[in-house]
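For reference, the chains in residue letters:
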Amino acid sequence: MTSLGDPGSSIGNTRDGISSRHGRILSLLEARGFVSIGSLAKSFAVSEQTVRRDLNDLEKRGLVTRYHGGAGLPPVAGDVDYSKRKRRYPTEKQRIAEMVAAQIPEGATIFIDIGTTMEAVAEALLDHRRLTVVTNHLTVAMILNRKRDFQIILAGGVLKHNDQATTGEATREFLEKFRVGYGIFGIGGVSEEGDLLDFDFRDIGVSATAMKISRKRLVALDHSKFTSEAIVRVAHLRDVDMVFTDAQPPAHLARLMRDSDVRLFVAGEDDAGATVTALRR
């Protein structure tokens, strides 16, 4: 039986016994999604060879994934394969997307987040004219690129194969250059306290920046997200302007939104505001 203390053993996704510098590297990764070897060497005043050894050690523990020139956080357990997620609740996502599209005026500037619901939103926006869209979602960019009068701005970065999207420090820095009228966000779940959650630490910096550059923030989620096991906090319901879903949320969350002046849109329920076209703020 292999001891956890053996130097060459595969420890697997544990922070037990890591050095202070290793801990700081992980903190940077959680904030940025991706860090380059050069930037780490400068941050810690060590050689690039030392950084490579650090990253190799962390990869053996299952705490990072090495890429050419740097490292990112490994895939997160619980985040379902993209193709499987895309097949979940397609009708509900379409209805949600139609409500979202109804709130976007012609000629608007918008950011569109990652996720399968965002694909449905992109399809619903094809009837619009003269949109300028900033996104890190490759599939969304391809859908919207069908319209010749749309300007599509695609953020670069590290490609997340499980999300058809880019992430990391380069993506975050790119988004900081923009200001948009509307940010449309998909999320992994909502906590009992109203926190908006995701599965992957790598997306925190990008999501926070996208929220910051958006004047109005719209969140689109199907009913399953109210019982999701996502664990990474991105924002809070109080931080957004509109929430779109296909079924009434738990009563305490609906009350929280009402008290925070967040407009709730529920597909097929006029009294939830699905036919309202302006935000009272």
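Residues numbered from 1 in each chain as written. Predicted model: local features only at pLDDT ≥ 70, side-chain atom pairs only at ≥ 80, totals over all residues. Heavy atoms only, no water.

Draft legend 1. Spatial organisation of the overall build of the protein. In terms of helices and strands, the protein carries ten helices and 15 strands. Out of the 281 residues belonging to the protein, those deemed buried represent 52%. When contacts within the protein are restricted to residue pairs at least 6 apart in sequence, those whose partners lie at least 24 apart make up 58%. (Helix = DSSP H or I, 4+ residues; strand = E, 2+ residues; numbered from the N terminus. Buried < 20%, exposed > 50% of the residue type's maximum accessible area, 1.4 Å probe, protein only. Contact = heavy atoms within 4.5 Å.)

Draft legend 2. Spotlight on the pairing of strand β4 (residues 109-112). Across four bridges, β4 lies against strand β5 (residues 132-135) in parallel orientation. For Ile112, the partnering residue across the bridge sits in β5 and is Thr135. Pairing analysis gives three bridges linking β4 to strand β9 (residues 180-186), with the strands arranged parallel. Note that in β9 the partner of Ile112 across the bridge is Ile184. (Pairing = 2+ DSSP bridges.)

Draft legend 3. Geometry of the packing of aromatic side chains. Within this structure, the stated rule accounts for three aromatic pairs. Relative to Phe185, the ring of Phe111 has its centre 5.7 Å away and its plane inclined at 40°; by these criteria the two rings are tilted. Within this pair, whereas Phe111 is found in strand β4, its partner Phe185 is found in strand β9, the two being separated by 74 residues in sequence. Judged by relative accessible area, Phe185 falls into the buried class, the value being 2%. Here Phe174 and Phe178 contribute two aromatic rings whose centre-to-centre distance is 5.2 Å and whose plane-to-plane angle is 50°, an arrangement assigned as tilted. (Phe/Tyr/Trp six-rings, centres within 6.5 Å; stacked < 30°, edge-to-face > 60°.)

Draft legend 4. Looking closely at the sheet that holds strand β11 (residues 195-198). Pairing is antiparallel in the open sheet, where three strands are placed in the order β10-β11-β13. Across the chains shown, the open sheet's two edge strands, defined by having one partner strand only, are β10 (189-190) and β13 (232-236). Relative to β13, β11 runs antiparallel, the two being bridged by four bridges. Residue pairing in the sheet places Asp198 in a bridge with Val232 of β13.

Draft legend 5. A look at the sheet that holds strand β12 (residues 214-220). Reading across the sheet, the seven strands line up as β6-β5-β4-β9-β12-β14-β15 and stay open at both edges, with parallel pairing between neighbours. A strand with exactly one partner marks an edge of an open sheet, and here the two such strands are β6 (151-154) and β15 (263-266). Within the sheet, the average angular offset between the axes of one strand and its neighbour, ignoring direction, is 20°. Bridge analysis of β12 against strand β14 (residues 242-245) gives three bridges, and the strand direction is parallel. When the bridges of β14 are listed, Ala220 appears paired with Phe244. Sitting on the sheet, helix α6 (residues 116-124) is in contact with β4, β9 and β12, with an inclination near 135° to β9. (Axes fitted to C-alpha atoms, helices over the stretch in contact; angles between N-to-C directions.)

Draft legend 6. Region of interest: the confidence of the model for the protein. Confidence in the prediction of the protein, expressed as mean pLDDT, is 84, and 82% of residues score 70 or more. The low-confidence segment residues 1-14, where pLDDT is below 50, has 14 contacts with residues more than four positions distant or belonging to other chains. Counted against residues more than four places away or in other chains, residues 271-281, with its pLDDT under 50, gives 29 contacts. (pLDDT = per-residue confidence, 0-100.)

Draft legend 7. Examining unusual backbone geometry more closely. The residue Ala45 is not glycine, and still its phi comes out positive at about 55°. Counting through the fold element by element, Ala45 comes out in the loop between α2 (37-44) and α3 (48-60). By relative accessible area, Ala45 is classed as exposed at 70%. Backbone geometry places Arg130, a non-glycine residue, at a positive phi of 55°. Note on Arg130: relative accessible area 46%, which makes it partly exposed.

Draft legend 8. Looking closely at the nonpolar core. If you look at the biggest cluster of nonpolar residues, it comprises 29 residues, and the most contacted ones within it are Ile104, Ile110, Ile112, Leu125 and Leu144. Those elements that provide at least two residues to this core are α5 (90-102), β4, α6, α7 (138-144), β9, β12 and β14. With five residues, the single largest contributor to this core is α5. If we skip the residues at most four places from it in the chain, Ile112 touches Met118, Leu125, Val133, Val134, Thr135, Asn136, Val140, Leu144 and Ile184. Listed in part, the 27 residues of the second largest apolar core include Leu175, Phe185, Val190 and Val243. (Core = buried A, V, L, I, M, F, W, Y, C linked by side-chain atoms within 4.5 Å.)

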